[in-house]
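Now for the letters of each chain:
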Amino acid sequence: MNKNEAAEILKLLDKMYPNPRTDLLFNNSFELLIAVMLSAQTTDKQVNRVTEKLFKKYPTPWDFINLTPEELEKDIKKCGLFRNKSRNIVTTANIIVQEYNGKVPDRLEQLLKLPGVGRKTASVVLANAFGIPAFPVDTHVYRVSYRLGLAGGKNPLVTEKELKEIIPESLWNKAHHWLIAHGRTFCSARRPQCQECPLLDYCKNGKKNIL
Ligand code: SF4
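Residues numbered from 1 in each chain as written. Predicted model: local features only at pLDDT ≥ 70, side-chain atom pairs only at ≥ 80, totals over all residues. Heavy atoms only, no water.

> What is the right way to look at the site of the ligand in this model?
In the vicinity of the ligand, the contacting residues are Arg147, Leu148, His182, Phe186, Cys187, Pro192, Cys194, Cys197, Leu200, Cys203 and Gly206. In the shell around the ligand, the residues fall into 8 nonpolar, 2 polar and 1 charged. (Near = heavy atom within 4 Å. Nonpolar A, V, L, I, M, F, W, Y, C, P; charged D, E, K, R; others polar.)

> What's the story with the domain arrangement of the protein chain in this structure? I'm lost.
Size of an interface: often given as the accessible area lost when the parts come together. Assigned domains of the protein chain: these are domain 1 (3-20 + 135-210) and domain 2 (29-129). One C-alpha centre belongs to domain 1, the other to domain 2; they are set 28 Å apart. Listed per partner, the contact involves 11 residues of domain 1 and 7 residues of domain 2. When domain 1 packs against domain 2, close to 610 Å² is buried across both sides, 52% of that on carbon and sulfur atoms. It is Pro136, Glu160 and Asn173 in domain 1 that bury the most area against domain 2; as a group they hold 49% of the surface buried on that side. (Domains from an automatic or database assignment. Contact = heavy atoms within 4.5 Å. Buried area = accessible area lost by both parts, 1.4 Å probe.)

> What am I meant to see in unusual backbone geometry here?
The general pattern is negative phi for most residues beyond glycine and trans for most peptide bonds. Positive phi outside glycine occurs at Gln41, with the angle close to 60°. Position of Gln41 among the secondary structure elements: in the loop between helix H2 (29-38) and helix H3 (44-57). Look at Asn101: it is not a glycine, yet its phi comes out positive at around 55°. With respect to the helices and strands, the residue Asn101 is situated in the loop between helix H6 (82-100) and helix H7 (108-112). (Helix = DSSP H or I, 4+ residues; strand = E, 2+ residues; numbered from the N terminus.)

> Is there a simple way to think about H6 in this case?
Taking 1.5 Å per residue as the helical rise, H6 with its 19 residues ought to reach 27 Å, and the 25 Å between its terminal C-alpha atoms agrees with that figure. Asn101 sits one or two positions beyond H6 and adopts a positive phi of about 55°. (Expected span 1.5 Å × (residues − 1).)

> In this structure, what is going on with the nonpolar core? I would like to understand it.
General note: in soluble globular proteins, nonpolar side chains tend to be found buried as a group. Ranked by internal contacts, the top residues of the largest apolar core, which has 35 residues, are Leu33, Ile34, Leu38, Leu54, Phe64, Leu72 and Leu111. Elements supplying a minimum of two residues to this core: H2, H3, helix H5 (69-76), H6 and helix H8 (119-129). Per-element tally for this core: the top contributor is H2, with 8 residues. Counting 26 residues, the second largest nonpolar core, distinct from the first, contains Val137, Val141, Trp172 and Cys197. (Core = buried A, V, L, I, M, F, W, Y, C linked by side-chain atoms within 4.5 Å. Buried < 20%, exposed > 50% of the residue type's maximum accessible area, 1.4 Å probe, protein only.)

> What exactly am I supposed to notice about the pattern of salt bridges here?
Opposite charge on two side chains allows them to pair when their charged atoms are near. The tally for this structure, following the rule as stated, stands at 9 salt bridges. As a salt-bridge pair, Arg184 and Asp44 come within 3.5 Å of each other at their nearest N and O atoms. In this pair, Arg184 is assigned in helix H11 (residues 172-185) and Asp44 in helix H3, connecting sequence segments 140 residues apart. Overall, Arg184 belongs to the partly exposed group, its relative accessible area being 46%. The buried category is assigned to Asp44, whose relative accessible area is 17%. Residue Arg83 is joined to Glu73 by a salt bridge in which the shortest nitrogen-to-oxygen separation is 4.0 Å. Placement of the pair is Arg83 in helix H6 and Glu73 in helix H5, with a sequence separation of 10 residues. For Arg83, a relative accessible area of 53% corresponds to the exposed category. On the accessibility criterion, Glu73 (14% relative accessible area) is buried. (Salt bridge = Lys/Arg side-chain N within 4 Å of Asp/Glu carboxyl O.)

> How should the environment of Leu12 be read in this particular structure?
The topology assignment puts Leu12 in helix H1 (residues 3-16). Residues Leu12 and Leu199, spaced 187 residues apart in sequence, show a C-alpha to C-alpha distance of 7.5 Å. Residue contacts for Leu12: discarding those within four places in its chain leaves Pro198, Leu199 and Tyr202.

Shown next as structure tokens:
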């Protein structure tokens with residue numbers, strides 16, 4: 001696919017999903033970081049239910065460093081994988097307090113050194129908390145960009161690189177939300193609604209699906 005074709009797709013996505021944003025609720029970069037760490041293998045809705053109470057109880061990184069992982073487990077149990085998540089969150093809070101004076105770092109390399117923070121989580125924080133151009137590749141972005149031909153679907157890292165090449169940097173933060181929204185609305189993993197999809201004319205996969 002060339003950049004002009006990609007631009008056409010992006011124009012349509014912009015119309016379909018204006019003002020895109022993450023469904024996770026947060027008031028600051030620390031809350032977003034914890035919310036994203038909790039979001040593995042669960043829904044954003046479930047994370048929001050848990051964090052509403054969690055951040056009232058423990059509003060700052062300093063409150064988290066006084067906890068043992070076992071104590072935190074009770075508060076985040078409903079998000080699943082709670083043992084690992086709990087351990088990573090307490091350690092991450094300690095690093096943020098000790099090394100960054102309580103502020104979440106805003107550089108990819110620094111974020112990636114925090115336990116439990118992978119490339120996708122770090123990119124979500126950069127894009128949504130700091131407004132720094134990034135392209136988090138989650139399961140929706142990976143699948144939808146492959147089906148549309150925006151990326152080759154080799155692996156998430158290559159997909160991120162390909163998307164960053166074909167999409168202007170000024171649109172990265174919006175485009176990742178557009179692809180997520182499209183994955184949730186029309187282009188689900190099991191039953192994509194190709195017949196109704198406004199992107200069908202641009203989508204080779206969709207055209208094959210409706211034959
Ligand atoms: Fe997904 Fe089908 Fe739309 Fe292509 S046409 S983007 S495969 S829903």
